[in-house]
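# Secondary and tertiary structure notes
Here is what each chain is made of, one letter per residue.
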Amino acid sequence: MSQKETPLFDALLKHRDRNPVQFHIPGHKKGRGMDPEFREFAGENILSVDLINISPLDDLHSPKGAIHEAQMLAAEAFGADYTFFSVQGTSGAIMTMILSVCEPGDKIIVPRNVHKSIMSAIVFAGAIPVFIHPEVDPELGISHGISAEAVETALAAHPDAKGLLVINPTYYGVCADLERIVEITHSYGIPVLVDEAHGVHIHFHDRLPVSAMEAGADLAATSVHKLGGAMTQGSVLNLREGLVSRKRVQSIFSMLTTTSTSYPILASIDCARRQLAVNGRELLDETIRLARDTRKRINKIPGLWCPGKELMSSSASYDVDPTKLLISVKDLSITGSQAEVWLREQANIEVELSDLYNILCILTIGDTSREASLLVNALKRLADTFAPDGSEYPPFVTLPEIPSLALSPRDAFYARTETVPFEESEGRISAEFIMVYPPGIPIVIPGEIVTRDNIDYIRMNMEAGLPVQGPEDDTIGSLLVIREQKPILS
């Protein structure tokens, strides 16, 4: 088949044109049973293909027809041996990856700055995480990738690990030397799993970082909806056969995936693949040019810094995605969170995320010079409002040390617990996750011993207005910890 074809989307259109009488779910029956206001808003086209896995439309759990053809075209486009479509975002694909290679008690080597779905999968699998500290950028106060040297050290210490997970690119667009990491890991016979949530586009242009499949990775969970033009929740899981069984992946994938799969989302993945495969290079040419020009304009604004290639300094920050505009606001004496709020309220601009010192804006094939100019003009107003005053700013606070793991995350998650005031949780074993989301990087995970550094770092993030999440107590006034057993006295 040609990359210009969209077998799944075509099958949906053909079925719609047949206009069969539906005695099956969904109960809105092409929108007729839906709230009229929402039906009018959504439109007839999308509602007419909101269907279920009836025979003419194939079944995502056991694809043999249009879905199978669409997935094979995607595999060809991404350079994979097989591709699975996910309607549960990259989180679902990530969980499938980890559960496909890990069993209870197995070790998996992961960076500390992983998405919460990775830690959730480790809990489900009963695996033991071996953490690698990512490289920390002292100027920007953020984490980058993991170095090839750190990977080699971790593998030498844990050659029995069942997998190594890499983020490529990071949320901020920084990539490690993935090809070298894959080569080192494969020398131990261990598969490489890649969280490629923010990298669907990089495979389709040679001026962007190397993609997971190009680097020889074994599995890659890739968001098509984030940067590739699909509807939200549309992602793919790319597989290179050899160290990982395709049948095992299909089995785990089916266990984690709803049987009420969304055909509009599936069709949007099919069509997004076509656009990237056929027109991706041309479209990304313009996006890269727009990002380059926007970055130059931002860097002319006093008090702002939007780094690019200068981020590349080691095997942990080996390459960078230029379409990510990471903008430091530290010299404006405001936090990234405050900058995000100001842009929302004063310029009607929504950024991708903010942290203590930065905001992140992404440019995609959906952006034009109009949006870029609106951003630059708003940033000029921001900088004028919070103009630098010449003050000296203290060094950036880096991430706290990784706490010691006293129990496996799964054992801690299911253990008997008690609630203690958060400020008094130092030295106790956490039974909950605490993370800043977005991007969802854990500060404490179940099974780790809470330290004073953890408590101070979490409070600092909360005081800066950043979204700390995880505990049942969403005010973070208390924390679930493992219940301590009192000694039996004679």
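Check the entry above for the structure.
Anyway, here's the lowdown on the structure attached to this text.

About the thresholds
- Residues numbered from 1 in each chain as written.
- Predicted model: local features only at pLDDT ≥ 70, side-chain atom pairs only at ≥ 80, totals over all residues.
- Heavy atoms only, no water.
- Axes fitted to C-alpha atoms, helices over the stretch in contact; angles between N-to-C directions.
- Helix = DSSP H or I, 4+ residues; strand = E, 2+ residues; numbered from the N terminus.
- Parallel < 35°, antiparallel > 145°, perpendicular 65-115°, else oblique.
- Left-handed = near helix turned anticlockwise from the far one by under 90°.
- Contact = heavy atoms within 4.5 Å.
- Nonpolar A, V, L, I, M, F, W, Y, C, P; charged D, E, K, R; others polar.
- Salt bridge = Lys/Arg side-chain N within 4 Å of Asp/Glu carboxyl O.
- Buried < 20%, exposed > 50% of the residue type's maximum accessible area, 1.4 Å probe, protein only.
- Patch = residues over 30% accessible without salt bridge, like charges linked within 9 Å, V, L, I, M, F, W, Y side chains within 5 Å.
- Areas by Shrake-Rupley, 256 points an atom, 1.4 Å probe, with all protein chains shown as cover.

## A short note on the packing of helix 5 (residues 89–101) against helix 11 (residues 246–256)
The N-to-C vectors of helix 5 and helix 11 enclose an angle of 130 degrees; their axes lie 9 Å apart at closest approach. On the basis of the axis angle, helix 5 is oblique to helix 11. Between helix 5 and helix 11 lies a crossing of right-handed hand. Contacts from Gly92, Met95, Thr96, Leu99 and Ser100 of helix 5 reach helix 11 at Arg248, Val249, Ile252, Phe253 and Leu256. Split by residue class, the contact of helix 5 with helix 11 holds 6 nonpolar, 3 polar and 1 charged.

## Focus: the pattern of salt bridges
Opposite charge on two side chains lets them pair, provided their charged atoms get close. Under the definition given, this model contains 21 salt bridges. Note that Arg273 and Asp270 form a salt bridge whose closest N and O atoms lie 2.9 Å from each other. Residue Arg273 and its partner Asp270 are both found in helix 12 (residues 263–298); the two are separated by 3 residues, about one turn of the helix. Across the pair Glu340 and Arg344 runs a salt bridge, and its minimum N-O distance is 3.0 Å. Of the two residues, Glu340 and Arg344 are both situated in helix 13 (residues 336–347); the distance of 4 residues between them amounts to about one turn of the helix. By relative accessible area, which is 17% here, Glu340 ends up buried. Within this structure, Glu423, Glu426, Arg452, Asp456 and Arg459 form a network of salt bridges that share partners.

## Topic: a nonpolar patch on the surface
Taken together, the side chains of Phe124, Phe413 and Tyr414 present a nonpolar region at the surface, about 360 Å² in accessible area. Along the polypeptide, Tyr414 turns up in the loop between helix 15 (409–413) and strand 15 (417–421).

## Here we look at unusual backbone geometry
The omega torsion across Ile25 and Pro26 is 5 degrees, close enough to zero to call that bond cis. Looking at the secondary structure, you find Pro26 in the loop between helix 1 (7–18) and helix 2 (36–42). Look at the link from Asn168 to Pro169: it is a cis peptide, with omega at -10 degrees. With phi around 50 degrees, Lys29 is a residue other than glycine that occupies positive phi space. Following the sequence through the fold, Lys29 ends up in the loop between helix 1 and helix 2. The partly exposed category is assigned to Lys29, whose relative accessible area is 24%. In this model, Gln233 sits at a positive phi of 90 degrees, which is unusual for a non-glycine residue. Looking at the secondary structure, you find Gln233 in the loop between helix 10 (224–227) and strand 10 (235–239).

## Overview of the environment of Met231
Counting through the fold element by element, Met231 comes out in the loop between helix 10 and strand 10. For Met231, a relative accessible area of 37% translates into the label partly exposed. For the pair Met231 and Ala272, spaced 41 residues apart in the sequence, the C-alpha separation amounts to 9.0 Å. Apart from residues lying up to four places away in sequence, Met231 is in contact with His225, Pro264, Ile265 and Ser268.

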